[in-house]
Amino acid sequence: MIEKSIKLVSYLTASVLALLVVLIVYDATARYLFSSGSTALQELEWHLFDVVILLSIAYALKHNAHVRVDIFYDKFSLKLQKAVNIFSTLFFILPLSFLIIYIGVDFVELSFMQSEASSDPGGLPYRWIVKSLMPLAFALLALQAVSELMDDIKEWRSL
């Protein structure tokens, strides 16, 4: 179930990335060829970049594309690699995810209650929308981490 959700989010993220490329090309062309720019468009680019990065975290974990100190990890036996994965998930990924979710919800709520908007003239309103990506992204990461944890425990026991 979580794998299908992460895959669906990855398709959304890829679409947002394509849109982001188009916006950046348009913005750069308008700015440098026509001396015309938009604060709102630049902020939209930043927000879409946030979408791409934050919603890709769980996908990166699922496909083992995250940063790791491979000079040591690659030399470990498969059983030790699984033990490292289990330890890392239990003591780093999940606690950090839960902390960011816990703090992030209040962060988003405060932004929503204050109707927080960009401080730049012509900037975007509704900053709480992009801020809500933090707890959402780490909730997806926690779910994916639990799925990976169950797979790693099962595989570790079989070795």
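Everything that follows concerns the structure shown earlier in this document.
Residues numbered from 1 in each chain as written. Predicted model: local features only at pLDDT ≥ 70, side-chain atom pairs only at ≥ 80, totals over all residues. Heavy atoms only, no water.

Colleague: Please provide a residue-by-residue account of the overall build of the chain, values included.
Modeller: Scanning the chain from N- to C-terminus turns up seven helices and zero strands. Starting at the N terminus, the α and β elements of the chain follow one another as α-α-α-α-α-α-α. Relative to its length of 159 residues, the chain is extended, with a C-alpha radius of gyration of 19 Å against a globular reference of 15 Å. Seen through its principal axes, the chain has C-alpha atoms that stretch 65 × 35 × 30 Å. Classification of the 159 residues of the chain by burial places 33% in the buried group. (Helix = DSSP H or I, 4+ residues; strand = E, 2+ residues; numbered from the N terminus. Rg over C-alpha atoms; globule rule 2.2 N^0.38 Å. Buried < 20%, exposed > 50% of the residue type's maximum accessible area, 1.4 Å probe, protein only.)

Colleague: Give a detailed account of the nonpolar core, specifying residues and quantitative values.
Modeller: Residues Leu-55, Leu-133, Phe-138 and Leu-140 are the most contacted members of the largest nonpolar core, which totals 26 residues. For this core, the elements supplying multiple residues, two or more each, are α1 (2–34), α2 (39–54), α3 (57–62), α5 (78–113) and α7 (133–158). At eight residues, α7 tops the list of elements feeding residues into this core. Among residues more than four places away in sequence, those in contact with Phe-138 are Leu-54, Ile-57, Ser-97, Ile-100 and Ile-101. (Core = buried A, V, L, I, M, F, W, Y, C linked by side-chain atoms within 4.5 Å. Contact = heavy atoms within 4.5 Å.)

Colleague: Before we move on, can you summarise α2 with the specific residues and values?
Modeller: The terminal C-alpha atoms of α2, which comprises 16 residues, lie 22 Å apart, in line with the 22 Å expected from a rise of 1.5 Å per residue. Of all the positions in α2, only Leu-41, Glu-43, Glu-45, His-47, Leu-48, Val-51, Val-52 and Leu-54 are classed as buried. Its buried side turned inward, α2 meets α1, α3, α6 (127–131) and α7. Sitting at the head of α2, Ser-38 places a side-chain oxygen 3.4 Å from the backbone nitrogen of Ala-40. (Expected span 1.5 Å × (residues − 1). Polar contact = N/O pair within 3.5 Å; in protein donor to acceptor, adjacent residues only side chain to side chain.)

Colleague: So what about the environment of Leu-44? Which residues, and what values?
Modeller: Along the chain, the position of Leu-44 falls in helix α2. Residues Leu-44 and Asn-64, 20 residues apart in the sequence, show an inter-C-alpha distance of 30 Å. Other than its neighbours up to four places away in sequence, Leu-44 contacts Leu-23 and Leu-124.

Colleague: Go over a nonpolar patch on the surface with me, naming the residues and quoting the values.
Modeller: On the surface, a cluster of nonpolar side chains totalling about 480 Å² of accessible area is made up of Val-69, Ile-71, Phe-72, Phe-76 and Leu-80. With respect to the helices and strands, the residue Phe-72 is situated in helix α4 (residues 70–73). (Patch = residues over 30% accessible without salt bridge, like charges linked within 9 Å, V, L, I, M, F, W, Y side chains within 5 Å. Areas by Shrake-Rupley, 256 points an atom, 1.4 Å probe, with all protein chains shown as cover. Salt bridge = Lys/Arg side-chain N within 4 Å of Asp/Glu carboxyl O.)

Colleague: Help me get a handle on unusual backbone geometry, residues and values and all.
Modeller: Phi angles above zero are rare outside glycine, and Ser-115 is one such case at about 50 degrees. As for its position among the elements, Ser-115 is in the loop between α5 and α6. For Ser-115, a relative accessible area of 58% gives the class exposed. Despite not being glycine, Tyr-126 shows a phi value in the positive range, around 60 degrees. Within the secondary structure, Tyr-126 is located in the loop between α5 and α6.

Colleague: I'd like to hear about the environment of Ala-28, residue by residue, with values.
Modeller: Mapped onto the elements of the fold, Ala-28 is located in helix α1. In this structure Ala-28 comes out as partly exposed when scored by relative accessible area, which is 27%. Sequence separation between Ala-28 and Gln-42 is 14 residues; the distance between their C-alpha atoms is 9.8 Å.

Colleague: Could you give me a rundown of the pattern of salt bridges, with the residues and numbers involved?
Modeller: Within this structure, the stated rule accounts for four salt bridges. Residues Lys-82 and Glu-155 are paired through a salt bridge, measuring 3.5 Å at the closest nitrogen-oxygen approach. Placement of the pair is Lys-82 in helix α5 and Glu-155 in helix α7, with a sequence separation of 73 residues. According to the relative accessible area criterion, Glu-155 is partly exposed, its value standing at 31%. Shared partners join several salt bridges into a network, and the residues in it are Lys-82, Asp-152 and Glu-155.

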